[in-house]
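Residue strings, one per chain:
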Amino acid sequence: QVQLVESGGGLVQAGGSLRLSCAASGRFFSILSMGWYREAPGNQRELGAGFGSGGDTNYGDSVKGRLTISRDTAKTTVYLQMNSLKPEEKALYYCNAMIVVEPTGTAGNVWGQGTQVTASS
């Protein structure tokens, strides 16, 4: 079974930084796209940042300039660097990937369990 394992969330002081990690595990042929979504209290889940199928990066409008996404050379782990965090930006961050799984070769949309990010005032 393919899973996305997230780490790095937590509580920091306002203005601080956090780095989230998400690693794909299990048996799969390839990862077509991979990134992070954020869900603030009372709001819909929205794109934070992600890599598209062509390796391009996309950022959500609300977080442009303060999030940076990167990945390892194997392209199975993505990182999200978050700087200058604000208390009102408290949210759950979910890793998401479109993965071509073994042995069927079908593509499936996979979500991580979510990790909480909070900046204290």
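In the block above lies the structure referred to throughout.
Presented here is a report on the structure given in the accompanying data block. Every chain is numbered independently, its residues counted from 1 as its sequence is written. Residue-level local features of this predicted model are given only where pLDDT is at least 70; pairs of side-chain atoms are given and counted only at 80 or more, and the full residue set underlies all totals for whole chains, interfaces and linings. Only hydrogens and water are removed before side-chain values are computed, so all heavy atoms of the structure are retained for them.

**What to know about the sheet that holds strand 7 (residues 67–71)**
At least two DSSP bridges between two strands are needed for those strands to be called paired. Counting from the N terminus, the helices are the DSSP runs of H or I reaching at least four residues and the strands are the DSSP runs of E reaching at least two. As summarised here, the arrangement of the four strands in space is 1-3-8-7, forming an open sheet in which the pairing is antiparallel. Looking at which strands have only one partner, the edges of the open sheet turn out to be strand 1 (3–7) and strand 7. Looking at each pair of strands side by side, their axes are set apart by 20° on average, direction ignored. As paired elements, strand 7 and strand 8 (residues 77–82) share five bridges and run antiparallel to each other. Residue pairing in the sheet places Ser70 in a bridge with Tyr79 of strand 8. With axes taken as lines fitted to C-alpha atoms, and helix axes fitted only over the stretch in contact, angles between N-to-C directions fall between 0 and 180 degrees.

**Here we look at the nonpolar core**
For this analysis, a nonpolar core means a set of buried residues of the types Ala, Val, Leu, Ile, Met, Phe, Trp, Tyr and Cys, connected via side-chain atoms within 4.5 Å. Burial classification: accessible surface area is computed with a 1.4 Å probe over protein chains only, and a residue below 20% of its type maximum counts as buried, one above 50% as exposed, and the rest as partly exposed. Leu4, Met34, Trp36, Leu80, Met82, Tyr93 and Ile99 are the most contacted members of the largest nonpolar core, which has 29 residues in total. Looking at this core, the elements with two or more residues in it are strand 3 (18–25), strand 4 (28–39), strand 5 (46–51), strand 7, strand 8, strand 9 (91–101) and strand 11 (115–120). Tallying contributions element by element places strand 9 first for this core, with five residues. In this analysis, two residues are considered to be in contact whenever any of their non-hydrogen atoms come within 4.5 Å of each other. Here Ile99 is in contact with Val2, Leu4, Ala24, Phe28, Ser30, Ile31, Thr106, Ala107, Gly108 and Val110, once residues within four sequence places are set aside.

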